[in-house]
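Chain by chain, the residues:
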Amino acid sequence: MATPDFIRTLRASAGQQLLWLPGVTAIVFDDDGRVLLGRRSDTRRWSVIGGIPDPGEQPAACAVREVEEETAVHCVPERVVLVQALEQVTYANGDVCQYMDITFRCRAVGGEARVNDDESLEVGWFDVDALPELNEFGLLRIKQALSDAPTWFDPMSFS
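### Brief notes about the overall build of the protein
Of the regular secondary structure elements, the protein holds three helices and nine strands. Expected size for 159 residues packed as a compact globule is a radius of gyration near 15 Å; at 16 Å, the protein falls within 12% of this value. Overall size of the protein, expressed as C-alpha extent along the three principal axes, is 45 × 45 × 30 Å. The buried share of the protein, taken over its 159 residues, is 40%. If you take every contact in the protein between residues at least 6 apart in sequence, the share linking residues at least 24 apart comes to 72%. When the accessible surface of the protein is split by element, carbon and sulfur atoms take 51% of a total near 8900 Å². Between the averaged position of the 14 positive side-chain charges in the protein and that of its 26 negative side-chain charges there is a distance of 2 Å.

### Remarks on helix α2 (residues 59-71)
With 13 residues, α2 should reach 18 Å at 1.5 Å per residue; the first-to-last C-alpha distance of 18 Å fits that figure. Within α2, burial applies to C62, A63, R65, E66, V67, E70 and T71. Check the buried side of α2 and you find it contacts β1 (19-29), β2 (35-40), β4 (49-51), β5 (74-85), β7 (96-110) and β8 (120-126). Remark: A72 follows α2 within two positions and exhibits a positive phi of approximately 70°.

### Digging into the pattern of salt bridges
All told, the structure shown has 13 salt bridges when counted by the stated rule. One salt bridge in this structure joins R65 and D54, with 4.0 Å as the shortest N-O distance. Of this pair, R65 sits in helix α2 while D54 sits in the loop between β4 and α2, placing them 11 residues apart in sequence. Residues E66 and R65 are paired through a salt bridge, measuring 3.2 Å at the closest nitrogen-oxygen approach. Accessibility expressed as a relative area gives 7% for E66, which makes it buried.

### Overview of unusual backbone geometry
One non-glycine residue, R44, adopts positive backbone phi at about 65°. With a phi close to 70°, A72 is a non-glycine residue in the positive phi region. Checked against the element boundaries, A72 lands in the loop between α2 and β5. For A72, a relative accessible area of 12% puts it in the buried group.

### Description of a negative patch on the surface
Among the surface-exposed residues, D31, D32, D127 and D129 lie close enough to one another that they form a single negatively charged patch. With respect to the helices and strands, the residue D32 is situated in the loop between β1 and β2.

### A few points about the side chain of T103
Summarising the element assignment, T103 is placed in strand β7. A distance of 3.2 Å separates a polar atom in the side chain of T103 from a polar atom in the side chain of R141. Every residue in contact with T103, bar those within four places of it in the chain, is listed here: T25, I27, R79, V80, V81, L82 and R141.

### A short note on the pairing of β5
Where β5 meets β7, 10 bridges bridge the pair, whose relative direction is antiparallel. Counterpart to V83 in the pairing with β7 is I102.

Conventions we followed
- Residues numbered from 1 in each chain as written.
- Predicted model: local features only at pLDDT ≥ 70, side-chain atom pairs only at ≥ 80, totals over all residues.
- Heavy atoms only, no water.
- Helix = DSSP H or I, 4+ residues; strand = E, 2+ residues; numbered from the N terminus.
- Rg over C-alpha atoms; globule rule 2.2 N^0.38 Å.
- Buried < 20%, exposed > 50% of the residue type's maximum accessible area, 1.4 Å probe, protein only.
- Contact = heavy atoms within 4.5 Å.
- Areas by Shrake-Rupley, 256 points an atom, 1.4 Å probe, with all protein chains shown as cover.
- Lys, Arg positive; Asp, Glu negative; His and termini not counted.
- Charge placed at Lys NZ, Arg CZ, Asp CG, Glu CD.
- Expected span 1.5 Å × (residues − 1).
- Salt bridge = Lys/Arg side-chain N within 4 Å of Asp/Glu carboxyl O.
- Patch = residues over 30% accessible without salt bridge, like charges linked within 9 Å, V, L, I, M, F, W, Y side chains within 5 Å.
- Polar contact = N/O pair within 3.5 Å; in protein donor to acceptor, adjacent residues only side chain to side chain.
- Pairing = 2+ DSSP bridges.

Structure representation (structure tokens):
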């Protein structure tokens, strides 16, 4: 995944210390109910589509942009399906980040799925009952996007 310029600027002064960053995931369905996935060039694994909003960019706009940049598919966000603070990540270069992910259910409205940048090796549509191997991150988000349940958030005790 390409590092946005604004994060490079932050890293120049912050070093490798923890950065708390927004993240957006788009679970995109076509008219046949298939879900759009990309096989990432960094991990070589299939994944849902996502990225980091630019400063001032609305999360839904980021979801649309990331889907188009990575897959050439045009989509429309329909609803927020999940909000979750993720675990801290330490990258191979030593940089530490933690993300607040907002996941949108989206509907494809145009474009042909194809590799559209250097972040993906492959992209494609998959029937939800015939998904390639995905991590729990992707599976939970697809499950929530298929559900009519309210927006998911990490359950906690309220006193």
